[in-house]
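Observations on the model geometry
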Amino acid sequence: MNFTQKKYEYPTSNVYQISWEGDGTLNVEIEDWCIKNFGKSGFDDETQLVRWVSSIHNNQSIVFLREEDMILFKLRWE
């Protein structure tokens, strides 16, 4: 699978977007893996943090708020 990475730089933090093209056959597997490793997408009431945001089923992309999470994702899926 071919992934595209973009880094958005903001004054207080950076955001990392990973997107991919394909027929969507791995989307559920990718989402399950992300939930297992990073918790639920969006704001997590338990941790009071946002680590990642899923757009897997809309446009096959994920936004990570931590560079180390993006790197772990790439190590697993590239």
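Reading guide: rules and limits
- Residues numbered from 1 in each chain as written.
- Predicted model: local features only at pLDDT ≥ 70, side-chain atom pairs only at ≥ 80, totals over all residues.
- Heavy atoms only, no water.
- Salt bridge = Lys/Arg side-chain N within 4 Å of Asp/Glu carboxyl O.
- Buried < 20%, exposed > 50% of the residue type's maximum accessible area, 1.4 Å probe, protein only.
- Helix = DSSP H or I, 4+ residues; strand = E, 2+ residues; numbered from the N terminus.
- Pairing = 2+ DSSP bridges.
- Axes fitted to C-alpha atoms, helices over the stretch in contact; angles between N-to-C directions.
- Contact = heavy atoms within 4.5 Å.
- Arc of directions from axis to C-beta.
- Expected span 1.5 Å × (residues − 1).

Attention now moves to the pattern of salt bridges. Taken as a whole, this structure holds three salt bridges when the rule is applied. Two residues, Lys-7 and Glu-9, come together in a salt bridge whose shortest N-O distance is 3.9 Å. The partly exposed category is assigned to Lys-7, whose relative accessible area is 44%. With relative accessibility at 62%, the residue Glu-9 sits in the exposed group. A salt bridge links Asp-69 to Arg-51; its shortest N-O distance comes to 2.6 Å. One end of the pair, Asp-69, is in helix 3 (residues 67–77); the other, Arg-51, is in the loop between strand 4 (49–50) and strand 5 (52–55), with 18 residues separating them in the sequence.

In space, the four strands of this open sheet follow the order 1-2-6-5, with antiparallel pairing throughout. Each end of this open sheet is capped by a strand with a single partner; those strands are strand 1 (3–9) and strand 5. With strand direction ignored, the average angle separating the axes of adjacent strands in the sheet is 15°. Pairing between strand 5 and strand 6 (residues 61–64): four bridges, direction antiparallel. Note on strand 6: the bridge partner recorded for Trp-52 is Phe-64. Lying over the sheet, helix 3 contacts strand 1, strand 2 (14–20) and strand 6, oriented at roughly 20° with respect to strand 2.

For the rest of this paragraph, the subject is helix 3. A turn of α-helix holds 3.6 residues, and therefore any two residues three or four places apart point the same way. Taken as a whole, helix 3 has its buried residues at Asp-69, Met-70, Phe-73 and Trp-77. All buried residues of helix 3 lie within an arc of 100° about the axis, which places them on one face of the element. Turned more than 90 degrees off the buried face of helix 3, the exposed positions are Glu-68 and Leu-75. Considering only its buried residues, helix 3 is in contact with strand 1, strand 2, helix 1 (27–38) and strand 6.

If you check helix 1, its first and last C-alpha atoms are 16 Å apart, about what twelve residues at 1.5 Å a residue would give, namely 16 Å. Among the residues of helix 1, those classed as buried are Asn-27, Ile-30, Trp-33, Cys-34 and Phe-38. The arc that holds every buried residue of helix 1, seen down its axis, measures 130°, which confines them to one face. Of the surrounding secondary structure, the elements contacted by the buried residues of helix 1 are strand 2, strand 5, helix 2 (56–59), strand 6 and helix 3.

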